[in-house]
Amino acid sequence: MASITAPSSSFDYRLSLRQRLAVRGIDGVTLLVLPAFLFLLAVFVYPFIYGLILSFTPKEGGLLGNYQKFFADPFLYDTILTTLWLAVPVTVISIAIAIPVALRVRLMKHQRLLTTILVLPVTLGTVLVAEGLLNYLGPQGWFSRTLMQFGMIDRPLKLTNNYWGVFSSLIITGFPFTFLLTLSYVSGIDPALEQAAATHGATSWQRFRFVMLPLLVPGLAIAFCLSFVQAFAVFPSAVLLGAPAGPTRVISIAAYQAAFEQYDYSMASAIAMIMAAVQLLIVVAVLVVRNMFYRGSTAGGKG
């Protein structure tokens with residue numbers, strides 16, 4: 001046995017560094033990932049770790065001074081509920097609208113044209129959409145003036161500088177993103193599954209309830225998570241269309257005020273970490289529920 005293993009051992013020593021790395025699965029193709037990995041470290045990992053460490057170095061108090069200050073002040077911790085009260089309904093409604101629209105669009109002849117029209121608000125940007133809504137939904141906007149012209153209301157509706165202004169902006173800017181995700185999942189389901197159910201006498205609602213929806217739920221969970229994270233980070237809409245010191249004082253505004261009005265970057269970092277923790281809890285909860293549903297292939301009849 002010694003005579004067999006010795007030559008192979010000596011042969012391993014004669015391998016070049018490149019050959020030894022290739023044996024371990026590290027070759028030129030693998031090294032192509034290195035620039036992306038370094039970019040990820042520089043842009044995402046390092047700032048997160050730096051912010052996490054900075055959040056534990058408060059101006060006053062001990063190691064957890066910033067977090068104690070946040071949860072001891074209702075003006076600060078109420079921003080979590082305010083943000084959730086915006087982000088969760090916006091995400092649920094966006095998905096509820098995106099599902100029937102996506103189911104219809106996938107069957108249409110000019111699918112690309114309609115998809116382009118539906119995602120157009122993404123190209124406008126949050127600020128431009130907010131400015132448009134101020135002109136349209138404001139007290140002297142077209143919407144109120146039109147209703148007053150037809151005698152449907154006596155005074156202008158208050159649809160801006162409150163919850164509904166921010167809500168409308170998030171729906172307009174968030175729906176295209178949710179729709180594209182939903183359309184990709186809907187298009188990936190084999191039409192033969194739905195046709196087979198129709199052959200057995202299932203109605204359109206039964207086909208959706210018992211065939212399409214169980215297959216869509218895992219994908220919709222991912223769409224919910226991504227859309228929720230996007231809505232939870234609301235800032236321009238809450239400032240331009242909401243009441244930053246009142247009912248739409250979201251957690252991102254609290255972080256902004258701590259950093260750029262109070263110049264307390266440590267507190268701002270703590271608020272950002274709390275913001276990330278809340279998002280993570282919601283995402284983990286959704287993914288746990290997602291695992292209870294069908295996770296097989298949707299491209300055919302076999303899972």
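This section reports on the structure supplied with the text. Just so it is clear, the model here is predicted, and its values are computed rather than measured.

**Structural notes on the layout of surface pockets**
Move 1: Taken as a whole, the largest pocket encloses approximately 340 Å³ of empty space.
Move 2: As for the largest pocket, its lining consists of 15 residues, of which F48, A272, M273, M275 and A276 are closest to the centre.
Move 3: Counting only elements with at least two residues in the lining of the largest pocket, the list comes to helix 4 (33-55), helix 15 (251-260) and helix 16 (265-290).
Move 4: In terms of residue count, the dominant contributor to the lining of the largest pocket is helix 16 (seven residues).
Move 5: Counted by class, the lining of the largest pocket contains 13 nonpolar, two polar and no charged residues.
Move 6: A volume near 240 Å³ is recorded for the second largest pocket.
Move 7: Forming the walls of the second largest pocket are 18 residues, and the residues nearest its centre are T126, L170, T173, G174 and Q230.
Move 8: For the lining of the second largest pocket, the secondary structure elements donating two or more residues are helix 6 (74-105), helix 8 (120-124), helix 11 (163-187), helix 13 (204-232) and helix 14 (236-240).

**A look at the packing of helix 13 against helix 16**
Move 1: Following both chains from N to C, one finds helix 13 and helix 16 inclined at 170 degrees, their axes separated by 9 Å at the closest point. Regarding the angle of helix 13 to helix 16, the classification is roughly antiparallel. Taken together, the residues of helix 16 that come into contact with helix 13 (itself represented by P218, A221, I222, F224, C225, F228, V229 and F232) are M275, V278, Q279, I282, V283, V286, L287 and R290.
Move 2: Its residues placed into classes, the contact of helix 13 with helix 16 shows 14 nonpolar, one polar and one charged.

**Considering the environment of A223**
Move 1: Positionally, A223 belongs in helix 13.
Move 2: Residues A223 and F179 lie 44 residues apart in sequence; the distance between their C-alpha atoms is 8.9 Å.

**Some points on the packing of aromatic side chains**
Note on aromatic pairs: each is described by the distance of the centres and the angle between the planes.
Move 1: The full count for this structure, using the stated rule, is 15 aromatic pairs.
Move 2: Ring centres of W164 and F167 lie 5.7 Å apart, and the angle between their planes is 75 degrees; this geometry places the pair in the edge-to-face category. Here F167 and W164 lie together in helix 11, a separation of three residues that amounts to about one turn.
Move 3: Note on F167: relative accessible area 12%, which makes it buried.
Move 4: Their ring planes at 35 degrees and their centres at 5.9 Å tell us that W205 and F208 sit as a pair that is tilted. Of this pair, W205 and F208 both sit in helix 13, three residues apart, roughly one helical turn.
Move 5: W205 gets classed as exposed once you look at its relative accessible area, which sits at 56%.

**Some thoughts on the pattern of salt bridges**
Move 1: One pass over the full model with this rule turns up two salt bridges.
Move 2: Its salt-bridge partner being R106, residue E194 comes within 2.7 Å of it at the nearest N-O pair. Pair noted here: E194 is in helix 12 (residues 191-199) and R106 is in the loop between helix 6 and helix 7 (111-118), with a separation of 88 residues, a long-range link.
Move 3: A salt bridge links E194 to R207; the nearest nitrogen and oxygen atoms lie 3.7 Å apart. Of this pair, E194 sits in helix 12 while R207 sits in helix 13; the two residues are 13 residues apart in sequence, bridging distant segments of the chain.
Move 4: A relative accessible area of 18% places R207 in the buried class.

**What about the nonpolar core?**
Move 1: Ranked by size, the top nonpolar core spans 59 residues in total, and within it F70, L86, F179, F232, I251, I271 and I274 carry the most contacts.
Move 2: Elements supplying a minimum of two residues to this core: helix 5 (65-72), helix 6, helix 9 (126-137), helix 11, helix 13, helix 15 and helix 16.
Move 3: Not counting chain neighbours up to four residues away, the residues in contact with F232 comprise T83, L84, A87, I251, M275, V278 and Q279.

**With respect to the environment of L76**
Move 1: As for its placement among the helices and strands, L76 is situated in helix 6.
Move 2: It is 9.5 Å that separates the C-alpha atoms of L76 and A255, two residues lying 179 residues apart in sequence.
Move 3: Those residues in contact with L76 that sit more than four places away from it in its chain are K69, F70, R249, A254 and M267.

The rules behind these values
The residue numbers shown here count from 1 along each chain, following its written sequence. Local features in this predicted model are restricted to residues whose pLDDT is 70 or higher, and side-chain atom pairs enter the listing and the counts only when it is 80 or higher, whereas totals over whole chains, interfaces and linings include all residues. To get the side-chain values, take all heavy atoms of the structure and skip hydrogens and water. Here a cavity denotes a set of grid points, spaced 1 Å apart and computed over the protein atoms alone, in which a 1.4 Å probe fits but from which it cannot get out, and a pocket denotes an open set meeting protein on both sides within 12 Å along at least five of seven lines; residues with an atom within 4 Å of a point are reported as lining. Grid points are joined across faces, edges and corners, and a volume is the space filled by probe spheres set on the points. Each helix is a run of DSSP H or I of at least 4 residues and each strand a run of E of at least 2, with the numbering of both proceeding from the N terminus. Under the convention adopted here, Pro, Cys and the residues Ala, Val, Leu, Ile, Met, Phe, Trp and Tyr are nonpolar, Asp, Glu, Lys and Arg are charged, and Gly plus all remaining residues are polar. Angular values range over 0 to 180 degrees, each being the angle between N-to-C directions of two axes fitted as lines to C-alpha atoms, with helices fitted over their stretch in contact. Here roughly perpendicular refers to angles of 65 to 115 degrees, roughly parallel to angles under 35, roughly antiparallel to angles over 145, and oblique to all remaining angles. Residue contacts are counted whenever heavy atoms from the two residues lie within 4.5 Å of one another. Each aromatic pair joins two rings of Phe, Tyr and Trp (for Trp, the six-membered one) with centres within 6.5 Å, and gets the label stacked for planes under 30 degrees apart, edge-to-face for over 60, and tilted for any other angle. Burial classes: relative accessible area under 20% of the type maximum marks a residue as buried, over 50% as exposed, and values in between as partly exposed (1.4 Å probe, protein chains only). By definition, a salt bridge exists where a carboxyl oxygen of Asp or Glu is found within 4 Å of a side-chain nitrogen of Lys or Arg. By nonpolar core we mean a set of buried residues, namely Ala, Val, Leu, Ile, Met, Phe, Trp, Tyr and Cys, connected to one another through side-chain atoms within 4.5 Å.

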